[in-house]
Amino acid sequence: MKQMKVLLVDDEESFVKTLSERLKMRDLHNEVAFDGEQAVTIADGEEPDVMVLDLKMPGIDGVEVLRRVKQRYPHIQVIILTGHGTDRDEEEVRRLGAFDYLQKPVPIDDLVVRIKAAYKNKMELTMAAAAFAEAGEPEMAQEFLKGN
Amino acid sequence: MTEDELRLAHLAFIGRLLAGLSHENKNHLAIINESAGLVQDLLSLSGKNLAGNSEKIGKMLNLIAERVDKANQMTRFLSRFAHRLDASLSSFSVNEVVEEEVALIERLARQQNIEIATSFDPQIPALYNSPSLLQFAFYGLLLPFFTLLDKNSTIVISTTSAGGAVVISALASATSTIASPPASPWPVDDSTQMAISRLGASLQAPETPFGVGFKLIISSLASSSRG
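Just so you know, these numbers come straight off a predicted model, no measurement behind them.

Calculation notes
Residues numbered from 1 in each chain as written. Chains lettered and ligands numbered in written order. Predicted model: local features only at pLDDT ≥ 70, side-chain atom pairs only at ≥ 80, totals over all residues. Heavy atoms only, no water. Axes fitted to C-alpha atoms, helices over the stretch in contact; angles between N-to-C directions. Helix = DSSP H or I, 4+ residues; strand = E, 2+ residues; numbered from the N terminus. Parallel < 35°, antiparallel > 145°, perpendicular 65-115°, else oblique. Contact = heavy atoms within 4.5 Å. Nonpolar A, V, L, I, M, F, W, Y, C, P; charged D, E, K, R; others polar. Buried area = accessible area lost by both parts, 1.4 Å probe. Salt bridge = Lys/Arg side-chain N within 4 Å of Asp/Glu carboxyl O. Polar contact = N/O pair within 3.5 Å; in protein donor to acceptor, adjacent residues only side chain to side chain. Core = buried A, V, L, I, M, F, W, Y, C linked by side-chain atoms within 4.5 Å. Buried < 20%, exposed > 50% of the residue type's maximum accessible area, 1.4 Å probe, protein only. Phe/Tyr/Trp six-rings, centres within 6.5 Å; stacked < 30°, edge-to-face > 60°. Lys NZ or Arg CZ within 6 Å of the ring centre and 35° of its normal. Pairing = 2+ DSSP bridges. Left-handed = near helix turned anticlockwise from the far one by under 90°.

### A word on the packing of helix α5 (residues 108-134) of chain A against helix α6 (residues 138-145) of chain A
All names here are of chain A. With their axes 7 Å apart at the nearest point, α5 and α6 run at an angle of 175° to one another. If you check the angle between α5 and α6, you find them roughly antiparallel. Within the contact between the two elements, α5 uses Leu 125, Ala 128, Ala 129, Phe 132 and Ala 133 and α6 uses Met 140, Ala 141, Phe 144 and Leu 145. Taken together, the residues of the contact of α5 with α6 sort by class into nine nonpolar, no polar and no charged.

Next up, the structure:
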């Protein structure tokens, strides 16, 4: 069975490294990025299944990373994990296609549940897209890949 | 610009600083949460055999202590910042007022990859004026740096005394790179200009020929202003 790939993106290095270690202890393979540029580069190369993304970062911020990732790889599921949560932020990132929106600090077990749910969602959309592609309906397949 | 508009702009500034502080403290709490969680994970995994993980556990406990200190310091600044509003005019230390404002806007600077360095003259006199309005005006004066300077630049903020007045300088360091040429005089929006006027303060260009920044000169308000 394919191993889920998670990308953690946060400019607080202590936070993201510790979170990474705890997720690995729970058998969630993951990589880390410390800024938006790095996150986009890793997404281009590795195509993670799930991205856990902070919003406020130097350089390219989380909203812009989400926008770029969803444009290029709509099937990547993005969970926003931020300490800067406003209703307007949540509304915007959900409109841009974020799978979930969580506030820091979050209990690790809750985060694991949400990551697994995001991965399940991605797999279901991918399988549905494959089924439509096989049935000769590429447009419907594309819609599923976009998460619609 | 009316008094009401100035009050609204001042409130918006307070809101922005509080939001930034809340974000900063959530980050500290998130790090404490993950570090404590990792210690818990390591303890439950290692059972009675802690030797293999003692170094990592020690590191996590140090990180927790460090973040508790930072959050505590930030909360202290917040408390002082909030109490600046208790009275519209009061006697205060400019160094303290500037120091707490720098602490509260450091995250904004970090987002732009800009450093803030400070150098405070401990001998400057206490002033009787509006500390909260000074913080509002100073914030408005600092904002242009974030569009003028390239990343990896440094803003040097210092205080000195000149007669009975206090000079607060903010200058780009010599190693800073300028993204766009600074306006002359220093760009000041209407609400900041009005706040400077209410403070009885004045703005000067830096003396260095290519200096990027400003000097704000502020004194105690005349006794007639003392309510």
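### Thoughts on the interface of chain A and chain B
The interface is formed by 21 residues belonging to chain A together with 23 residues belonging to chain B. When chain A packs against chain B, the two sides together hide about 1,900 Å² of surface, and 52% of this comes from carbon and sulfur. When the buried surface of chain A facing chain B is broken down by residue, Glu 12, Arg 22 and Met 25 of chain A rank first, second and third, together holding 26% of it. Counting the contacts that link chain A with chain B gives five salt bridges. The residue Glu 21 of chain A makes a salt bridge to Lys 56 of chain B at a minimum N-O spacing of 2.3 Å. The interface formed by chain A and chain B holds 11 residue pairs in polar contact (both at pLDDT 80 or more) in total. If one sorts the elements of the side of chain A that touches chain B by residue count, helix α1 (residues 13-25) of chain A sits on top with seven residues. A class-by-class count of the residues in the side of chain A that touches chain B yields eight nonpolar, six polar and seven charged.

### Topic: the side chain of Ser 20 of chain A
Within the secondary structure, Ser 20 of chain A is located in helix α1. Sequence-distant contacts of Ser 20 of chain A, defined by excluding residues within four places in its chain, comprise Leu 8, Asn 30 and Val 32 of chain A.

### Quick notes on the nonpolar core
In terms of nonpolar packing, the biggest core is built from 50 residues, with Phe 145, Ile 157, Ile 168 and Phe 214 of chain B touching the most fellow members. Contacts of Phe 145 of chain B, omitting those with residues within four sequence positions, involve Ile 114, Ile 155, Ala 170, Leu 171, Ala 172, Trp 186, Val 212, Gly 213 and Phe 214 of chain B. Leu 81, Ala 118 and Tyr 119 of chain A together with Ala 30 of chain B belong to the second largest nonpolar core, which has 28 residues in total.

### Some details on the packing of aromatic side chains
Summed over the entire model, instances satisfying the criterion amount to seven aromatic pairs over all chains. Between Phe 145 of chain B and Phe 214 of chain B the ring centres are 6.2 Å apart and the planes differ by 40°, which places this aromatic pair in the tilted class. Here Phe 214 of chain B lies in strand β7 (residues 213-218) and Phe 145 of chain B lies in helix α5 (residues 145-148), a separation of 69 residues in the sequence. Note on Phe 214 of chain B: relative accessible area 0%, which makes it buried. Each member of the aromatic cluster is reached from another via a ring pair, and the members are Phe 13, Phe 81, Phe 136 and Tyr 139 of chain B. Positioned above the aromatic ring of Phe 15 of chain A, the side-chain terminus of Lys 104 of chain A is 4.6 Å from the ring centre. The ring of Phe 77 of chain B is capped by Arg 76 of chain B, whose NZ or CZ atom sits 5.5 Å from the centre of that ring.

### Brief notes about the sheet that holds strand β5 (residues 100-103) of chain A
Residue and element names in this part refer to chain A. Read across the sheet, five strands follow the order β2-β1-β3-β4-β5 without closing on themselves; strand pairing throughout is parallel. The outermost strands of the open sheet, each flanked by one partner alone, are β2 (30-33) and β5. Pairwise comparison of adjacent strand axes, ignoring direction, gives a mean angle of 20° for this sheet. Taken together, the four bridges between strand β1 (residues 6-9) and strand β3 (residues 50-53) define a ladder with parallel strand orientation. Among the inter-strand pairings, Val 6 is bridged to a residue of β3, identified as Val 50. Relative to β2, helix α2 (residues 36-46) is tilted by about 145°, and along the sheet it contacts β1, β2 and β3. Across the sheet, helix α4 (residues 87-95) touches β4 (77-82) and β5, and the angle it forms with β5 is around 150°.

### Examining the packing of α1 of chain A against helix α1 (residues 3-46) of chain B
In the contact formed by α1 of chain A and α1 of chain B, the axes pass within 9 Å of each other and the chain directions differ by 30°. Like other packed secondary-structure pairs, α1 of chain A and α1 of chain B cross with a definite hand, here left-handed. Here α1 of chain A contributes Ser 14, Phe 15, Thr 18, Leu 19, Glu 21, Arg 22 and Met 25 of chain A to the contact with α1 of chain B, which in turn contributes Ala 30, Ile 31, Asn 33, Glu 34, Ser 35, Gly 37, Leu 38, Asp 41, Leu 42 and Leu 45 of chain B. Taken together, the residues that form the contact of α1 of chain A with α1 of chain B break down as eight nonpolar, five polar and four charged.

Function cannot be inferred from these measures alone, as they are strictly geometric.
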